[in-house]
Amino acid sequence: MTKTYQKPRLTATLFLLAALLFPIKSLGETTITVGDLNYVLNEEAKTAEVTGCSNGSVSNLEIPGSIQSGEVTYTVTSIKANAFSALTNVTIPASVETIGDHAFKAETLKTVTFEEGSKLKSIGAGAFAGFKINEFVGEDVDGSQIYEDVEYFQLTSINLEVCTQLETIGNEAFHYSKLSKIIIPASVNTIGKDAFADPYHPLTVKFRGTTPPTSVANLNAAKILVPASALAAYQEKFANST
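Keep in mind it's a predicted model, so treat the numbers as computed, not measured.

Participant: Any chance you could explain the side chain of S69 here in plain terms?
Facilitator: Following the sequence through the fold, S69 ends up in strand β6 (residues 66–69). Apart from the residues within four sequence positions on either side, S69 is in contact with I32, L41 and Y74.

Here's what the structure looks like:
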């Protein structure tokens, strides 16, 4: 009589165990969750990008400047586009260099705090802006859209002045926020279209730089404050902006 020997079927069990114990790797990147946040790790550069919250109930968030995975420390350098949608207050570490488009698109967001010594270089389009439309009515005679029951963003405080390496503020970056004043560091050279536009909440924009940004598109601020020595240069720049 012939006996058939069957190997134990451990393959599926081992694969499942590995998936639970080790981060998921794809195209040379690693996805990991630490605390309330999800990240994508760059193994070569030893950097991490925040991709969102693992806990949907988080409202007050302090993003860490670095995280640990195994024996390796990764520096948090970026926040992915569309990362968050339900925050009230957020603190962004000095290590973050880029903030993606619509990264903080949350009508509940009230305060944004950057750590001193911020290395931030760019803010994406609509990163801290937007509004929630509960009802679309139609179009006006001039073709503009008409809405009812509109909830505007609650953002009232941001200390952008500490971001002394900031170069780019994207289109509509703070569009329809409730900011009353914002200070633009001297390092900024590009401000996108309608970056601060909001006809319902007049905004004062104060520029630190004695040289105007290279590119300014349709600033739409209620009041603009500039260094006295640079008044003529700013007047010319804004007169030619579109």
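Participant: Please clarify how the nonpolar core should be interpreted in this entry.
Facilitator: Nonpolar side chains tend toward joint burial in soluble globular proteins. Among the nonpolar cores identified, the biggest contains 53 residues, and I79, I99, F104, F114, F128, F174 and F196 are the most heavily contacted of them. Listed by contribution, the elements that provide at least two residues to this core are β3 (37–42), β4 (47–53), β7 (72–79), β8 (89–92), β10 (111–114), β16 (181–184) and β18 (204–207).

Participant: Looking at this structure, how should I read the side chain of S78?
Facilitator: With respect to the secondary-structure elements, S78 resides in strand β7. A polar contact is formed between the side chain of S78 and the side chain of E49, at a distance of 3.4 Å. Those residues in contact with S78 that lie beyond four places of it in its chain are A48, E49, V50, V96 and T98.

Participant: Looking at this structure, I do not really get the sheet that holds strand β5 (residues 60–62). What am I missing?
Facilitator: To summarise the sheet geometry, strands pair through backbone hydrogen bonds and adopt either a parallel or an antiparallel arrangement. In space, the four strands of this open sheet follow the order β5-β8-β10-β14, with parallel pairing throughout. The outermost strands of the open sheet, each flanked by one partner alone, are β5 and β14 (157–158). Sheet topology places β5 next to β8; three bridges connect them, and they run parallel. Note on β8: the bridge partner recorded for E62 is T91.

Participant: Looking at this structure, how should I read the environment of T47?
Facilitator: With respect to the secondary-structure elements, T47 resides in strand β4. A C-alpha to C-alpha distance of 8.3 Å links T47 and T73, two positions 26 residues apart in sequence. In this view, T47 contacts V40, L41, N42, Y74, T75 and T77; residues no more than four positions away in its chain are not counted.

Participant: So what exactly am I meant to see when it comes to the sheet that holds strand β20 (residues 223–225) here?
Facilitator: Across the sheet, which stays open at both edges, the three strands sit in the order β16-β18-β20 with parallel pairing between neighbours. Two strands lie at the open edges of the sheet, namely β16 and β20, each paired on one side alone. Adjacent strand axes in the sheet meet at a mean angle of 15°, parallel and antiparallel pairs treated alike.

Cut-offs applied
Residues numbered from 1 in each chain as written. Predicted model: local features only at pLDDT ≥ 70, side-chain atom pairs only at ≥ 80, totals over all residues. Heavy atoms only, no water. Helix = DSSP H or I, 4+ residues; strand = E, 2+ residues; numbered from the N terminus. Contact = heavy atoms within 4.5 Å. Core = buried A, V, L, I, M, F, W, Y, C linked by side-chain atoms within 4.5 Å. Buried < 20%, exposed > 50% of the residue type's maximum accessible area, 1.4 Å probe, protein only. Polar contact = N/O pair within 3.5 Å; in protein donor to acceptor, adjacent residues only side chain to side chain. Pairing = 2+ DSSP bridges. Axes fitted to C-alpha atoms, helices over the stretch in contact; angles between N-to-C directions.

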